[in-house]
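For reference, the chains in residue letters:
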Amino acid sequence: MSAADVTDATPAADPAGGVVIVVAMAAEAAGIRAQLGLDGRGAVLHPAFPARWWSTAALDDPITVVTNGVDPDFGVDSIGTQAATTTTLHAIERFTPRVVLSAGTCGGFAARGGAIGSTYLATEVRRHDRRIEVDGMREMMRADEGVLEAAGIASELGIGVGPVTTSDSLDAPPLDLARMTEVGAVAKDMEAAAVAWVCRRHGVPFQACKVVTDLVDDPEQTQVQFLRNLAAASDRLAEIVPSVATALLRHTST
Ligand code: SAH
């Protein structure tokens, strides 16, 4: 067990390279960390932000988990694209990973074969909420942020693939829904496209692994479905994310 596992203090040595797994909520990360033997409160990623990190730093190819942490003003997990952006930026600059994985829960779509517990890697990752009718800006706001091709990994692990789309809202108003339908989204989340955007700027390969907690096209309220299925989806993340991370390391080894 490294110092990062048990203390808030900055460990003597940071992990270098390997894979960084960016997770929004503590509950989503708990099982993944347990599978990787990463316990404790985690270390502070940056003094101005609540994000935490843990790492299997003893390995040649470290697997580092970062969470966005608990918002100091509101006492809840720092979900959404702002925290995802700063966490990813700080983690990439500090740990220079070879590949980054955004892991967490998502909304799914029964119309496109989704069910509670369905698991996906991304074929593309976009925002579904950004609309501006100005040339150039329209394209920037709607762009695919880019993913590492991972169809092989997905079929090896028995995972689905498809477009992942992101916004800062748990609900799905009609204009957002129209965009998700247009791109054929299989997963709707609140972080992936922001993580991918930072990766693109840094030239670091990106993937997303998302497990469905709720169906966007189900009449039952999203937050009710989400809370009912969060524990089971987190168990599924624990089962699959370490395998995805290892496969991504193999895929990107030089
Ligand atoms: N009330 C909840 C809020 C969770 S927000 C709580 O704090 O317990 C939803 C989180 O899960 C986000 O980090 C997002 O990435 C993911 N998520 C799950 N289902 C989603 C959906 N239908 N739409 C958007 N994000 C979703």
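Residues numbered from 1 in each chain as written. Predicted model: local features only at pLDDT ≥ 70, side-chain atom pairs only at ≥ 80, totals over all residues. Heavy atoms only, no water.

Enquirer: Any chance you could explain the side chain of Thr105 here in plain terms?
Expert: You can see Thr105 is positioned in strand 5 (residues 99-108). For Thr105, a relative accessible area of 8% corresponds to the buried category. A polar atom in the side chain of Thr105 sits 2.7 Å from the side chain of Glu28. With sequence-adjacent residues up to four places away left out, Thr105 is seen in contact with Glu28, Asp189, Lys210, Val211, Thr213, Phe226, Leu230, Ala233 and Leu237. (Helix = DSSP H or I, 4+ residues; strand = E, 2+ residues; numbered from the N terminus. Buried < 20%, exposed > 50% of the residue type's maximum accessible area, 1.4 Å probe, protein only. Polar contact = N/O pair within 3.5 Å; in protein donor to acceptor, adjacent residues only side chain to side chain. Contact = heavy atoms within 4.5 Å.)

Enquirer: Help me understand helix 6 (residues 174-183), please; the structure alone is not making it clear to me.
Expert: Working note: α-helix, 3.6 residues per turn, so residues spaced by three or four point in the same direction. Among the residues making up helix 6, those that are buried are Asp176, Arg179, Met180 and Val183. Along helix 6, the residues classed as buried sweep out an arc of 100° about the axis, all on the same side. Facing away from the buried side of helix 6 by more than 90 degrees, the exposed set consists of Pro174, Thr181 and Glu182. Where helix 6 is buried, its residues contact strand 6 (119-127), helix 4 (137-142), strand 7 (160-166) and strand 8 (187-189). Of the residues trailing helix 6, Gly184 is marked for its positive phi of about 70°. (Arc of directions from axis to C-beta.)

Enquirer: Would you mind showing me how to read the environment of Cys199 here?
Expert: On the secondary structure map, Cys199 appears in helix 7 (residues 192-202). Here the alpha-carbon distance between Cys199 and Asp214, two residues 15 residues apart in the chain, equals 27 Å. Once residues within four sequence positions are removed from consideration, Cys199 is found in contact with Thr88, Ile92, Val100, Val204 and Phe206.

Enquirer: I tried to follow the packing of aromatic side chains on my own but got confused; where do I start?
Expert: In this description, a pair of aromatic rings is defined by centroid distance and the angle of the planes. With the rule as written, the count across this model stands at one aromatic pair. Taking the ring centre of Trp54 as reference, the NZ or CZ of Arg33 above it sits at 4.2 Å. Over the aromatic face of Phe109 sits the side chain of Arg112, whose NZ or CZ is 4.6 Å from the ring centroid. (Phe/Tyr/Trp six-rings, centres within 6.5 Å; stacked < 30°, edge-to-face > 60°. Lys NZ or Arg CZ within 6 Å of the ring centre and 35° of its normal.)

Enquirer: Looking at this structure, I do not really get the site of the ligand. What am I missing?
Expert: The immediate surroundings of the ligand are formed by 18 residues, with Thr105, Lys188, Met190, Glu191 and Asp214 found nearest. The backbone of Met190 places a nitrogen or oxygen atom 3.0 Å from an oxygen atom of the ligand. Between an oxygen atom of the ligand and a side-chain N or O atom of Glu191, the distance comes to 2.5 Å. When the free accessible area of the ligand is taken as 570 Å², the share hidden by the protein chains comes to 85%. (Near = heavy atom within 4 Å. Areas by Shrake-Rupley, 256 points an atom, 1.4 Å probe, with all protein chains shown as cover.)

Enquirer: Would you mind going over the confidence of the model for the chain with me for this structure?
Expert: Predicted coordinates in areas of low pLDDT are best not read in detail. With 95% of its residues at a pLDDT of 70 or more, the chain has an overall mean of 95. In the predicted structure, residues 1-7 sits below a pLDDT of 50 and forms 18 contacts with residues beyond four places in sequence or in another chain. (pLDDT = per-residue confidence, 0-100.)

Enquirer: Is there a simple way to think about the pattern of salt bridges in this case?
Expert: Side-chain pairing between opposite charges can occur once the charged atoms of the two side chains come close. In this structure the tally under the stated criterion is 16 salt bridges. We note a salt bridge from Glu182 to Arg142, for which the minimum N-O separation is 3.5 Å. A residue pair is termed long-range when its members are at least 10 positions apart, and Glu182 in helix 6 and Arg142 in helix 4 qualify at 40 residues. Exposure remark for Glu182: the relative accessible area of 53% places this residue in the exposed category. Members of the salt-bridge network, linked through shared partners, are Glu133, Asp135, Arg138 and Glu139. (Salt bridge = Lys/Arg side-chain N within 4 Å of Asp/Glu carboxyl O.)

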